[in-house]
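A closer look at the structure
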Amino acid sequence: MSNEDIITEDEKREYEKPKLGSVRAKITGKWDVGYQPGYQGKPARRQLVIAFEVDRRDSKGARHVIQQTYTRNLFEKAPLKHLLDGLFPDEPKEGFDLD
């Protein structure tokens, strides 16, 4: 790897946001990002990122891709459990394979 391959500064990019409302989407990626530091000194939590491709296009004709970070947790009020309940309403979530 040469020095030219190393990114040293954040590139600030402007992205178009999709219009609000319910749309169809498909999961295009899932990454386990391991344990991430907790907020304001709270313990680290194991997290995963899920990418969704939305069924709407931007002004250049490309589909919108949205990423969301979830804590790997299936408690009743957990956002990941709500997502899985919507995707798989008839499947039990206990022991659901998140890998």
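Only a predicted model underlies this, so the values are computations on that prediction, with no experimental measurement involved. (Residues numbered from 1 in each chain as written. Predicted model: local features only at pLDDT ≥ 70, side-chain atom pairs only at ≥ 80, totals over all residues. Heavy atoms only, no water.)

Comments concerning the sheet that holds strand β3 (residues 63-71)
Quick reminder of the rule: Strands pair, by our definition, only if DSSP identifies at least two bridges between them. Secondary structure elements follow DSSP: runs of H or I no shorter than four residues count as helices, runs of E no shorter than two count as strands, and numbering proceeds from the N terminus. A fitted line through C-alpha atoms represents every axis, and for helices the fit uses only the stretch in contact; the resulting angles, taken between N-to-C directions, go from 0 to 180 degrees.
Ordered by their spatial adjacency, 3 strands build an open sheet running β1-β2-β3, and the pairing between neighbours is antiparallel. Taken across any chain shown, the strands that pair with only one partner, and hence form the sheet edges, are β1 (25-36) and β3. Looking at each pair of strands side by side, their axes are set apart by 20° on average, direction ignored. The sheet contact formed by β1 and strand β2 (residues 45-57) spans 10 bridges and is antiparallel. Bridging from a neighbouring strand, Asp32 pairs with Leu48 of β2.

As for helix α1 (residues 79-87)
Applied cut-off: Each residue's exposure class comes from its accessible area (1.4 Å probe, protein chains only) as a fraction of the maximum for that residue type: buried when under 20%, exposed when over 50%, partly exposed otherwise. Read the arc as the range of directions from the helix axis to the C-beta atoms. Contact between two residues is taken to exist if any of their heavy atoms lie within 4.5 Å; hydrogens are not considered.
Among all positions of α1, only Leu80, Lys81, Leu83 and Leu84 are buried. An end-on view of α1 places all buried positions within 160° of arc, on one side of the element. Projecting away from the buried face of α1 at angles above 90 degrees are the exposed residues Pro79 and Gly86. Of the surrounding elements, those touching the buried residues of α1 are β2 and β3.

Everything listed here is a matter of coordinates, which is why it stays silent on function.
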